[in-house]
Amino acid sequence: MIDLSKHNEDLIRDANTWKPLNVYPLERVMVFESGSQSYFVYTELHTVSVSDASRREVSNSYALTEDEFSRLMGELNLD
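These notes cover the structure that comes with them.

Section: the nonpolar core
By size, the foremost hydrophobic cluster in this structure holds 15 residues, and its most contacted members are Trp18, Val41, Val48 and Leu72. Secondary structure elements with two or more residues in this core: α1 (5-14), β2 (29-34), β3 (37-42), β4 (47-52) and α2 (66-76). Here the element with the most residues in this core is α2; it accounts for three residues. Apart from residues lying up to four places away in sequence, Leu72 is in contact with Leu11, Ile12, Ala15, Trp18, Val41, Val48 and Leu64.

Describing α2
Those residues of α2 that sit buried are Glu68, Phe69, Leu72 and Leu76. Around the axis of α2, the buried residues are gathered within 100° of arc, so they sit on the same side. Opposite the buried face of α2, at more than 90 degrees from it, the exposed residues are Glu66, Asp67 and Gly74. Among the residues trailing α2, Asn77 stands out with phi positive, at a value near 50°.

Quick notes on the environment of Ser36
Inspection of the secondary structure assignment puts Ser36 in the loop between β2 and β3. The spatial distance from the C-alpha of Ser36 to the C-alpha of Arg56 is 9.8 Å, given a sequence separation of 20 residues. Other than its neighbours up to four places away in sequence, Ser36 contacts Ser51, Asp52, Ala53 and Ser54. A polar atom in the side chain of Ser36 sits 3.2 Å from the side chain of Ser54.

Regarding the packing of aromatic side chains
Taken as a whole, this structure holds two aromatic pairs when the rule is applied. When the centroid spacing of 3.9 Å and the interplanar angle of 15° are considered together, the rings of Trp18 and Tyr39 count as stacked. Here the residue Trp18 occupies a position in the loop between α1 and β1 (19-22), and Tyr39 occupies one in strand β3, the gap between them amounting to 21 residues. You'll find Trp18 and Tyr39 in the same group, each marked buried. Three or more aromatic residues joined by ring pairs form one cluster here, namely Trp18, Phe32 and Tyr39.

Reading the values: the criteria
Residues numbered from 1 in each chain as written. Predicted model: local features only at pLDDT ≥ 70, side-chain atom pairs only at ≥ 80, totals over all residues. Heavy atoms only, no water. Core = buried A, V, L, I, M, F, W, Y, C linked by side-chain atoms within 4.5 Å. Buried < 20%, exposed > 50% of the residue type's maximum accessible area, 1.4 Å probe, protein only. Helix = DSSP H or I, 4+ residues; strand = E, 2+ residues; numbered from the N terminus. Contact = heavy atoms within 4.5 Å. Arc of directions from axis to C-beta. Polar contact = N/O pair within 3.5 Å; in protein donor to acceptor, adjacent residues only side chain to side chain. Phe/Tyr/Trp six-rings, centres within 6.5 Å; stacked < 30°, edge-to-face > 60°.

Right, dumping it as structure tokens:
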């Protein structure tokens, strides 16, 4: 099994650079972008999907623990 914890930490670390596109924390999905990448944050599932338009890649999904998701939300600075 692949250890995604490093990818999760990278997502959390870089989240403060994401530009909000469609952000309503009470909704199920929030959308951000950074460069050619789009980030879809599924609040109920504690999951982030990332797609890269420049590479035409299918999105990768990362499941976060509750603690990781809380830290991600803190980095997004949605206040």
